[in-house]
Amino acid sequence: TPFFTESKAVVSTQSTGYVWKVFETHGYVILIGAIVAYYVYQRSVQYLEEKVQSRKSDAQESLSPEEQMNRLEAMRRAREKQQAIVDAAAAVEAEKIREREEAARKEKIEDWERHKKGMGYRSKSSQPTAESSKTLKADNFSPLSGHGGSGGGFRSNRPTFSRGGGG
């Protein structure tokens with residue numbers, strides 16, 4: 001174990017020797033850099049503290065208590081106005097929903113009355129639509145002739161070959 005202790009001492013001596021060598025060659029640069037970094041740090045902390053203080057004081061000192069109350073009252077009136085608009089729109093929408101529900105209820109009553117008279121229920125599906133005279137394919141379409149008569153015809157997919165490994 002004495003060898004192990006000596007090797008630690010040798011490594012420790014070598015590392016401290018390397019650190020001293022760096023300080024010997026670049027000591028002034030390191031010292032000036034540390035001083036500048038500390039100065040910049042102190043100035044930035046001081047600047048930020050002043051900024052926070054000025055923001056707090058500006059917000060409180062710029063308005064008198066009366067002005068602050070007037071501002072709060074104006075905000076309250078604006079909120080009440082917006083709420084009145086929303087309430088009116090909600091009332092209109094609720095009335096529309098009630099009308100739709102009433103119409104659906106009357107329609108169900110009419111269906112039941114028709115059923116009782118033996119006229120039958122109305123169709124639950126939407127109104128039947130007449131067949132459109134316009135078709136998707138042309139009159140001269142032939143499925144054996146290829147793509148709509150112009151160009152190309154049938155083209156098979158290109159063969160894909162395995163790019164190696166397992167298969």
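Rules of the game
- Residues numbered from 1 in each chain as written.
- Predicted model: local features only at pLDDT ≥ 70, side-chain atom pairs only at ≥ 80, totals over all residues.
- Heavy atoms only, no water.
- Helix = DSSP H or I, 4+ residues; strand = E, 2+ residues; numbered from the N terminus.
- Buried < 20%, exposed > 50% of the residue type's maximum accessible area, 1.4 Å probe, protein only.
- Patch = residues over 30% accessible without salt bridge, like charges linked within 9 Å, V, L, I, M, F, W, Y side chains within 5 Å.
- Areas by Shrake-Rupley, 256 points an atom, 1.4 Å probe, with all protein chains shown as cover.
- Salt bridge = Lys/Arg side-chain N within 4 Å of Asp/Glu carboxyl O.
- Polar contact = N/O pair within 3.5 Å; in protein donor to acceptor, adjacent residues only side chain to side chain.

Undergrad: Could you clarify how one ought to interpret the overall build of the protein in this entry?
TA: When helices and strands are counted, the protein shows two helices and zero strands. Relative to its 167 residues, the protein shows a buried fraction of 1%.

Undergrad: Any chance you could explain a nonpolar patch on the surface here in plain terms?
TA: Taken together, the side chains of Tyr-18, Val-19, Trp-20, Phe-23 and Ile-30 present a nonpolar region at the surface, about 570 Å² in accessible area. Along the chain, Ile-30 falls in helix 1 (residues 2-61). Note on Ile-30: relative accessible area 36%, which makes it partly exposed.

Undergrad: Sorry if this is basic, but what is going on with the side chain of Asp-111 here?
TA: By secondary structure assignment, the location of Asp-111 is in helix 2 (residues 65-117). Residue Asp-111 is classed as buried on the basis of its relative accessible area, which comes to 3%. A distance of 2.2 Å separates a polar atom in the side chain of Asp-111 from a polar atom in the side chain of Arg-114.

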